[in-house]
Amino acid sequence: KRFFWLLAFVALLNYIAIKLYLYWSDPDIDMVVHSLAGVSVGMATILVYCNYFNFSASKKSKMIAFAVASALFIGILWEIYELYFGITFLSDGIAYVRDTASDITMDIIGGLFGGWYSVRFLSKNNK
């Protein structure tokens, strides 16, 4: 349930940020959305992982690493999506590089937190 509420919140926040041009007027909102999206991807990864494999306390670090890798992969796909649809441009130079590096970093941090939180939640509930 927590994952779906967070995902709905990220979608709503993204919608509001686009409609009110917040991404362009306040670049920090982009970092918040990317970190929360990373948390969502990390949580989803753990949910899927546990659906196909049994949860095991000995695999915690492997599960978290998989969550981080998934958040990184989805983050890179998102950056490609932005380029493809003309949301961002390589011609922006260093601003593009800085924005993309920030986005990917926030995705990774979010994935780490989402994976850690989910593994911790599952550890408590499987005792």
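As shown above, the structure is provided for reference.
These notes cover the structure that comes with them.

### Observations concerning helix 1 (residues 2-19)
A rise of 1.5 Å per residue sets the reference length of helix 1, with its 18 residues, at 26 Å; its end C-alpha atoms lie 26 Å apart and thus fit the reference within 8%. Of all the residues in helix 1, the buried ones are F3, L6, V10, L13 and A17. In a view along the axis of helix 1, the buried residues occupy a sector of 90°, so they form one face of it. Among the exposed residues of helix 1, those pointing more than 90 degrees away from its buried face are F4, W5, Y15 and K19. Of the surrounding secondary structure, the elements contacted by the buried residues of helix 1 are helix 2 (22-25) and helix 3 (28-52). Positive backbone phi, at 55°, marks Y21, one or two positions downstream of helix 1.

### Quick look at the side chain of E82
Mapped onto the secondary structure, E82 falls in helix 4 (residues 60-84). Polar contacts involving the side chain of E82 include one to the side chain of W78, which spans 2.9 Å. Every residue in contact with E82, bar those within four places of it in the chain, is listed here: I87, T88 and D103.

### Remarks on unusual backbone geometry
You will see that Y21, though not glycine, has its phi angle at about 55°, which is positive. Assignment of secondary structure puts Y21 in the loop between helix 1 and helix 2.

Rules of the game
- Residues numbered from 1 in each chain as written.
- Predicted model: local features only at pLDDT ≥ 70, side-chain atom pairs only at ≥ 80, totals over all residues.
- Heavy atoms only, no water.
- Helix = DSSP H or I, 4+ residues; strand = E, 2+ residues; numbered from the N terminus.
- Expected span 1.5 Å × (residues − 1).
- Buried < 20%, exposed > 50% of the residue type's maximum accessible area, 1.4 Å probe, protein only.
- Arc of directions from axis to C-beta.
- Contact = heavy atoms within 4.5 Å.
- Polar contact = N/O pair within 3.5 Å; in protein donor to acceptor, adjacent residues only side chain to side chain.

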